[in-house]
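Architecture at a glance
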Amino acid sequence: MKNSLPGAAIAQLAQHAPTAIVISLPAFAYSVLTETMAMWMERAAYDVESAIASVGFLLGIVGFIAYFAIFGAMAVAWHRFILCGEDPIALGLLGAPRRLISYAIQWFVLGVIVFIPVMIILLPFIFTQSQTLILEQGEVGLVAGSVFVVAPYAIGGVLILRFGLKLVAIATDAHEISFRDSWRITRPHSMSVLLAGLLLGAVAFLVYVPAELIVTGQLDFTGSDPMGGWLLALIDGFGVVLLALLEVAFLTELYRRCTTPNTRD
């Protein structure tokens, strides 16, 4: 396991834990802030529906752009730290804002590509489960949470790893790799990629599903309890950043193995 793709990537994260924490702090702060704002706006919408709706739309656009910029900077910093030996000062942005812009745009494109097959796979379950069942506790909530949280991370994670060498090439200023070429190049590592995707799904389950069942079992979904709302925001923020960092580390290690001669899983 230590020499496997996920094992080697996790070992790198553990070895360079201080650096990983530093570059992920902006993403963690962003995740907690957006989760808290979402709960606040959900409460406020009952009082000033039209005003909040317009503000929420604008904040949604800003948040969408900020997400790709902040998480993209974290990814670029880790790619360059591991593959180029570059100290992640200013998250790898010094002198190269175009690199981050290009990375963010291609990441968005890849997200659209991945979203389509994930939704196709989830459609049967969506049609057979109502929203009321999803919000219930107990076994139904656990099953629904497993499908809607684990499946996107597991399936999407595999697809991002198979297509994502293009992103690492952008981050490291290497020769351009197309999404199609990335799929072809990573084919010999398909079993390792599948293992990494399953691990992402397992981590998503461990972080999100119990948190939702425990916290929302005691609180309403608008976070009316301030301490409960903050707790949920912290748990969700931690989960988002942890999963993103794992995905980035897996992708970095996969790129290293695909571009280093005589490297095997």
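What you are looking at is a predicted structure, and each value in this text was computed from that prediction instead of being measured. (Residues numbered from 1 in each chain as written. Predicted model: local features only at pLDDT ≥ 70, side-chain atom pairs only at ≥ 80, totals over all residues. Heavy atoms only, no water.)

**Structural notes on the overall build of the protein**
We count it as follows: Secondary structure elements follow DSSP: runs of H or I no shorter than four residues count as helices, runs of E no shorter than two count as strands, and numbering proceeds from the N terminus. Using a 1.4 Å probe on the protein chains alone, a residue whose accessible area is under 20% of its type maximum counts as buried, one over 50% counts as exposed, and one in between counts as partly exposed.
The number of helices and strands found in the protein is 10 helices and zero strands. For the protein, the succession of helices and strands along the chain, N to C, is α-α-α-α-α-α-α-α-α-α. Per-residue burial over the protein gives 44% buried out of 265 residues.

**Structural notes on the nonpolar core**
Cut-off, in case you're wondering: We define a nonpolar core as any set of buried Ala, Val, Leu, Ile, Met, Phe, Trp, Tyr and Cys residues linked to one another through side-chain atoms lying within 4.5 Å. In this analysis, two residues are considered to be in contact whenever any of their non-hydrogen atoms come within 4.5 Å of each other.
With 55 residues, the main nonpolar core has Phe71, Met74, Trp78 and Tyr103 as its most contacted residues. Going through the elements one at a time, helix H1 (5-15), helix H2 (17-44), helix H3 (49-83), helix H4 (97-128), helix H6 (139-163), helix H7 (165-171), helix H9 (190-215) and helix H10 (226-259) are the ones with two or more residues in this core. Considering every element that reaches this core, the biggest residue donor is H10, with 12 residues. Discounting chain neighbours no more than four positions away, the residues touching Met74 are Ile23, Ser24, Ala27, Val241, Ala244 and Leu245.

**Details of the pattern of salt bridges**
Filter applied, for reference: For salt bridges, the criterion is a side-chain nitrogen of Lys or Arg within 4 Å of an Asp or Glu carboxyl oxygen.
Overall, the coordinates contain seven salt bridges when judged by the stated rule. Measuring nitrogen to oxygen at the nearest pair gives 3.2 Å for the salt bridge that ties Arg80 to Asp173. Here Arg80 is found in helix H3, whereas its partner Asp173 is found in the loop between H7 and helix H8 (179-185), with 93 residues between them in sequence. A cluster of three or more residues bridged by salt bridges with shared partners is formed by Arg80, Glu86, Arg99 and Asp173.

**Re the side chain of His79**
Selection rule: Counted as a polar contact is a pair of N or O atoms within 3.5 Å, where, for protein atoms, one must be capable of donating a hydrogen and the other of accepting one, and residues adjacent in sequence contribute only when both atoms are in side chains.
Secondary-structure assignment places His79 in helix H3. At 2.7 Å, the side chain of His79 and the side chain of Thr252 are in polar contact. With sequence-adjacent residues up to four places away left out, His79 is seen in contact with Cys84, Tyr103, Val168, Ala171, Thr172, Val248, Leu251 and Thr252.

**Quick look at the packing of aromatic side chains**
Convention followed: Each Phe, Tyr or Trp ring (for Trp, its six-membered ring) is paired with any other whose centre lies within 6.5 Å, and the angle between the two planes then decides the class: stacked below 30 degrees, edge-to-face above 60, tilted in between. Sitting over a ring, as applied to charges here, requires NZ of Lys or CZ of Arg to be within 6 Å of the ring centre and within 35 degrees of the ring normal.
This structure, assessed with the given rule, holds 10 aromatic pairs. Summarising the aromatic geometry, the rings of Tyr30 and Tyr67 are spaced 6.4 Å apart at their centres and angled 50° between planes, so their arrangement reads as tilted. With Tyr30 in helix H2 and Tyr67 in helix H3, the pair connects residues that are 37 residues apart, well separated along the chain. For Tyr67, a relative accessible area of 30% translates into the label partly exposed. Residues Phe68 and Trp107 carry aromatic rings whose centres are separated by 5.1 Å and whose planes lie at 75° to one another, so their mutual orientation is edge-to-face. Placement of Phe68 in helix H3 and of Trp107 in helix H4 is noted, with a sequence separation of 39 residues between them. For Phe68, a relative accessible area of 14% translates into the label buried. By relative accessible area, Trp107 is classed as buried at 19%. One aromatic cluster is present, formed by Tyr30, Tyr67, Phe68, Phe71, Tyr103, Trp107 and Phe108 through successive ring pairs. Above the ring of Trp183, the side-chain terminus of Arg162 is found at 3.9 Å from the ring centroid.

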